[in-house]
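Listed here are the chains, written in short residue letters.
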Amino acid sequence: MSAIFSNNTDVFASIERLLKRQVEKADILRLLKVTGEFQQELFRQARAVRAASGADKVHLRGVIEISNYCQKSCVYCAIRAPNKNISHYRMSVDEIMELAYKIKEFGINIIFLQSGQDPKCVDLMEEVIPRIKQELNTTILLCLGEWPKIVYQRFYDLGADSYILKYETSDPELYEKIAHTPLSGRLECARWIKEVGMKLGVGNIVGLPDQPFESLAEDILLGVALQPDFVSVSPFIANQDTPFENVPTGDFNITLNTMAINRILHNASLIPTVSALEKIYPEGQLMGLNAGANVITINFTPPDYQKKYKIYSKDRFVVTHEHALNIIDKSGMQRVQV
Ligand code: SAH
């Protein structure tokens, strides 16, 4: 009994220090491991921070996966350049615009364009960004990989509002192992994105092979240091046709705990509840909302392309509008009205 009591006190004290912005790695490590009633307390505090920051309405994003060409060789991802078992596509401007109109018709005001590391997508943006801005006037969120600063500047000048570039892990050695490029280069890109004026989204993956547990706390601390506008975390999902195809799935509870800790440390930020959570646990995305998230991304990529955009596994969970509204309803939250 006294052991439970002392654990209880420790968890409360750790949460209390985070709330006061006395951010210590030891507290984050303790909170990453909580389960049962302690985890519920962490989630309750995360929801309280979300409410107190006026961030407790759910934002919907509509994602279009515009190209699965990729120059990188990330070991966890099936659209990696060395994968020969992939049938490639890149959408035309007209295809993208048709889907962008569809997103807007659903009353969604954030159009999210994602792709592999594909130079031709940079060219596509010259036409796509101004057209979306002029014809639909929505927020434009990009996730198109690593580019020189001048390219980010161009995206911003064309009208892009925000950009997601996750660091995946804060451990430089591990990053290089999983992405075959240096972490420092990716972090420099993240800083450029902010410097040119776009909002920045960052985040990590939980459950990479050889990922030290301690590094998960450092991932959270790196997120705090970068002062992003959005913070995301996904559990690792093994992908066919990759060197990691037999690696077990990332831990569901550690992922939820990361989200809750991020919420306490980033107050009003946008924190998505990602589709990978639903894939590994029934109602996983709903649990993400209960842990402090406030964003759901709905997939508008047409099914033929979706099958080829294998960033998670081939049977990834595809979030529909209906599913998103259903879990918002169950969470007792409301949608941001646009
Ligand atoms: N080319 C872009 C987009 C990458 S995919 C870029 O470099 O940023 C978007 C995000 O999905 C990645 O940053 C990664 O965090 C996540 N992701 C991709 N494959 C994953 C996997 N197998 N498991 C967990 N997360 C994954």
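If you're wondering where the values come from, they're calculated on a predicted model, not measured in any experiment. Along each chain, the written sequence defines residue order, and numbers are assigned to residues from 1. Residue-level local features of this predicted model are given only where pLDDT is at least 70; pairs of side-chain atoms are given and counted only at 80 or more, and the full residue set underlies all totals for whole chains, interfaces and linings. The side-chain values count all of the structure's non-hydrogen atoms but skip hydrogen atoms and water molecules.

Caption draft 1: Broad picture of the overall build of the protein chain. Each helix and strand counted, the protein chain has 14 helices and 8 strands in total. Referenced to the eigenvectors of the C-alpha coordinate spread, the extents of the protein chain come out at roughly 65 × 40 × 35 Å. Burial classification: accessible surface area is computed with a 1.4 Å probe over protein chains only, and a residue below 20% of its type maximum counts as buried, one above 50% as exposed, and the rest as partly exposed. Counting over 338 residues, the protein chain shows a buried share of 57%. Contacts spanning at least 24 positions in sequence make up 75% of the contacts within the protein chain whose residues lie at least 6 apart. For every accessible area listed, the method is Shrake-Rupley and the probe measures 1.4 Å; residues are considered covered only by the protein chains on display. Counting only carbon and sulfur atoms, one obtains 51% of the accessible surface of the protein chain, whose full area is about 14200 Å². When the 37 basic and 40 acidic side-chain charges of the protein chain are each reduced to a single mean position, those positions are 2 Å apart. The helix and strand labels rest on DSSP assignments: H or I over at least four residues marks a helix, E over at least two residues marks a strand, and numbering proceeds from the N terminus. In what follows, a contact means two residues having at least one pair of non-hydrogen atoms within 4.5 Å. The charge count includes Lys and Arg as positive and Asp and Glu as negative, but it does not include His or the ends of the chains. Lysine's charge is taken at NZ, arginine's at CZ, aspartate's at CG and glutamate's at CD.

Caption draft 2: The confidence of the model for the protein chain, seen in detail. Looking at the protein chain, the pLDDT average stands at 95 and 97% of residues meet or exceed 70. Per residue, pLDDT captures the predictor's confidence, and it can take any value from 0 to 100. Overall, residues 1-6 carries pLDDT values under 50, and its contacts beyond four positions in sequence, including any with other chains, amount to 1 contact.

Caption draft 3: The site of the ligand, seen in detail. Nearness here has a simple test: a residue counts as near a molecule or strand if at least one of its heavy atoms is within 4 Å of that partner. Of all residues adjacent to the ligand, which total 19 residues, the nearest are K166, E168, R186, I237 and I311. Any N or O atom pair separated by 3.5 Å or less is treated as a polar contact, with the protein-specific requirement of one donor-capable and one acceptor-capable atom, and with residues adjacent in sequence counted only for side-chain atom pairs. Y76 places a polar main-chain atom, nitrogen or oxygen, 3.3 Å from a nitrogen atom of the ligand. Surface burial for the ligand is 93%, taken as the share of its 550 Å² of free accessible area covered by protein chains. Residue assignment for the shell around the ligand shows that the elements contributing at least two residues are β2 (110-115) and β6 (230-235). Grouping the constituent residues of the shell around the ligand by class yields 9 nonpolar, 7 polar and 3 charged. Side-chain classes are defined by residue name, with Ala, Val, Leu, Ile, Met, Phe, Trp, Tyr, Cys and Pro counting as nonpolar, Asp, Glu, Lys and Arg as charged, and the others, Gly among them, as polar.

Caption draft 4: Region of the structure containing helix α8 (residues 183-196). To estimate how far a helix should reach, multiply one less than its number of residues by 1.5 Å. In this model α8 runs 20 Å from its N-terminal to its C-terminal C-alpha over 14 residues, within 8% of the 20 Å that 1.5 Å per residue would give. Turning to α8, its buried residues number three or more, namely L183, R186, L187, C189, A190, I193 and V196. Buried residues along α8 sit against α6 (149-158), β4 (162-164), α7 (172-179), β5 (199-206) and α9 (213-226). Taken from the residues just after α8, G197 is the one with a positive phi, measuring 115°.

Caption draft 5: Just the nonpolar core, in detail. Only buried Ala, Val, Leu, Ile, Met, Phe, Trp, Tyr and Cys residues count toward a nonpolar core, and they belong to the same one when joined by side-chain atoms within 4.5 Å. Core analysis: the largest hydrophobic core is formed by 109 residues, its most contacted members being I64, L113, M125, L142, Y152, F155 and Y163. Ignoring any residue separated from it by four or fewer positions in sequence, one finds L113 in contact with I64, I66, I96, M125, V128, I132, L141, L142, C143 and L144. Counting 9 residues, the second-largest nonpolar core is a separate cluster that includes C143, I164, F230 and L270.

Caption draft 6: Representation of the pairing of β5 within the structure. Burial runs high along β5: 7 of the 8 residues are buried. Crossovers are described as right-handed under a simple rule: with the strands pointing away from the observer, the path leading from the first strand over the helix to the second runs clockwise. Taken together, β5, α9 and β6 form a β-α-β motif whose crossover is right-handed.

Caption draft 7: A look at the environment of N290. Along the chain, N290 falls in helix α12 (residues 284-290). Linking N290 and A260, residues 30 residues apart in sequence, is a C-alpha distance of 8.8 Å. With residues up to four places along the chain from it excluded, the contact list for N290 reads F43, R47 and S331.

Caption draft 8: Representation of unusual backbone geometry in the model. Phi at N137 takes a positive value of approximately 50°, unusual for a residue other than glycine. Turning to its location among the elements, N137 is positioned in the loop between α5 (119-136) and β3 (139-143). Overall, the relative accessible area of 55% leaves N137 in the exposed class. In the Ramachandran plot, D210 falls in the positive-phi region, its phi being about 60° despite a non-glycine side chain. Looking at the element boundaries, D210 is found in the loop between β5 and α9. Overall, D210 belongs to the exposed group, its relative accessible area being 64%.

Caption draft 9: The arrangement of the pattern of salt bridges in detail. Every case where a carboxyl oxygen of Asp or Glu lies within 4 Å of a side-chain nitrogen of Lys or Arg is listed as a salt bridge. In the structure shown here, the tally under the stated rule is 18 salt bridges. Of the charged contacts, one joins K149 and E195 as a salt bridge, the two residues approaching to 2.8 Å between their closest N and O atoms. Of the two residues, K149 sits in helix α6 while E195 sits in helix α8, which places them 46 residues apart along the sequence. The exposure class assigned to K149 is partly exposed, which follows from its relative accessible area of 32%. Via salt bridges that share partners, K72, E146, E168 and R186 belong to a single interconnected network.

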